[in-house]
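Secondary and tertiary structure notes
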Amino acid sequence: MTDLTCLPRSIFSWNYSVIDVDNNTKALVNFNFASEQGSIILDLNDYKIQHRWLSGEWLLKIDDEVVATAIKPNPLTRFFEVTYEDKIVILKAESPFSRTFLIEQNEILGVIEPTHLFTRRAAVNCSSSIRIPIQIFLFWLTVLMWRRAANTNN
């Protein structure tokens, strides 16, 4: 299992530092200010996250190579199909009222959840069979859903 702690970089920020179990910064997760796009900086690699205009599709890219694709088939659900390396995992909300998201592939492979009810701090606990860039992309998608919910509630 991979255990990552995700810390917001400031009190009102949706940008995160991702810390491993040895308290080393593993990655930086960023959202572009006024869009549903962003980036992940991991091991000196700059991954870009692009949202295709008027679609429910996000691409994780490094240089011009697509590393993973996330499709949100229904705009009214908190559910993604994520494809990478000829594999498909499902990222979905645990329940309609929870901020916890499950990562599934015939069984639960991981959980992404806030560390406390009143915080943006989060934990990613995931099978090591899913590579770290994909785990962090799944976290980015989860934060996207949290961010949308916060914007809807304000």
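Residues numbered from 1 in each chain as written. Predicted model: local features only at pLDDT ≥ 70, side-chain atom pairs only at ≥ 80, totals over all residues. Heavy atoms only, no water.

Description of the overall build of the protein chain
Threshold: Secondary structure elements are taken from DSSP: a helix is a run of H or I of four residues or more, a strand is a run of E of two residues or more, and numbering for both begins at the N terminus. The size measure is the radius of gyration over C-alpha atoms, and the globule rule it meets is 2.2 Å times the number of residues to the 0.38 power. Residue exposure (1.4 Å probe, protein chains only): buried if accessible area is under 20% of the type maximum, exposed if over 50%, otherwise partly exposed. Throughout, a residue-residue contact means that at least one pair of heavy atoms, one from each residue, lies within 4.5 Å. The Shrake-Rupley method, run with a 1.4 Å probe, gives the accessible areas here. Residue values count only the displayed protein chains as cover.
Looking only at helices and strands, one finds 1 helix and 12 strands in the protein chain. Relative to the 2.2 N^0.38 estimate, which gives 15 Å for 154 residues, the radius of gyration of the protein chain is 14 Å and therefore close to what a compact globule would have. Principal-axis analysis of the C-alpha atoms gives the protein chain an extent of 35 × 35 × 35 Å. Counting only residues that meet the buried cut, the protein chain has 45% of its 154 residues in that class. A sequence separation of at least 24 residues applies to 35% of the contacts in the protein chain between residues at least 6 apart. Carbon and sulfur atoms provide 52% of the accessible area of the protein chain, an area that totals close to 8,600 Å².

Focus on the layout of surface pockets
Filter applied, for reference: Buried and open spaces are told apart on a 1 Å grid over the protein atoms alone, a cavity being a set of points where a 1.4 Å probe fits but cannot get out and a pocket being an open set with protein on both sides within 12 Å along at least five of seven lines. Residues with an atom within 4 Å of a point are the lining residues. Grid points are joined across faces, edges and corners, and a volume is the space filled by probe spheres set on the points. Throughout, the ten residues Ala, Val, Leu, Ile, Met, Phe, Trp, Tyr, Cys and Pro are labelled nonpolar, Asp, Glu, Lys and Arg are labelled charged, and all others, Gly among them, are labelled polar.
Computed from the structure, the largest pocket encloses a volume of approximately 470 Å³. The wall of the largest pocket is formed by 20 residues, among which Met145, Trp146, Ala149, Ala150 and Asn153 lie closest to the centre. Split into classes, the residues belonging to the lining of the largest pocket amount to 10 nonpolar, 5 polar and 5 charged.

Let's talk about unusual backbone geometry
Here the phi dihedral of aspartate 43 falls at roughly 50°; this positive angle occurs in a residue that is not glycine. Even without being a glycine, aspartate 86 presents a positive backbone phi close to 60°. Along the polypeptide, aspartate 86 turns up in the loop between β8 (79-84) and β9 (87-93).

What about the pattern of salt bridges?
Quick reminder of the rule: One side-chain nitrogen of Lys or Arg within 4 Å of one carboxyl oxygen of Asp or Glu is enough to make a salt bridge.
With the rule as written, the count across this model stands at 6 salt bridges. Between arginine 52 and glutamate 57 there is a salt bridge, and its shortest N-O distance comes to 3.4 Å. Arginine 52 gets classed as partly exposed once you look at its relative accessible area, which sits at 43%. You can call glutamate 57 buried: its relative accessible area is 19%.

Side note on the pairing of strand β5 (residues 45-51)
Regular strands show a simple pattern: their side chains alternate between the two faces of the sheet. Our working rule: A pair of strands is treated as paired once DSSP finds two or more bridges between them.
For strand β4 (residues 38-42) and β5, the ladder comprises 5 bridges, and the chain directions are antiparallel. Counted as the bridge partner of isoleucine 40 is tyrosine 47 from β5. Two successive antiparallel strands, β4 and β5, enclose a turn made up of 2 residues, where aspartate 43 displays a positive phi of approximately 50°. Where β5 hands over to strand β6 (residues 57-62), the hairpin turn is made up of 5 residues, of which leucine 54 adopts a positive phi near 55°.

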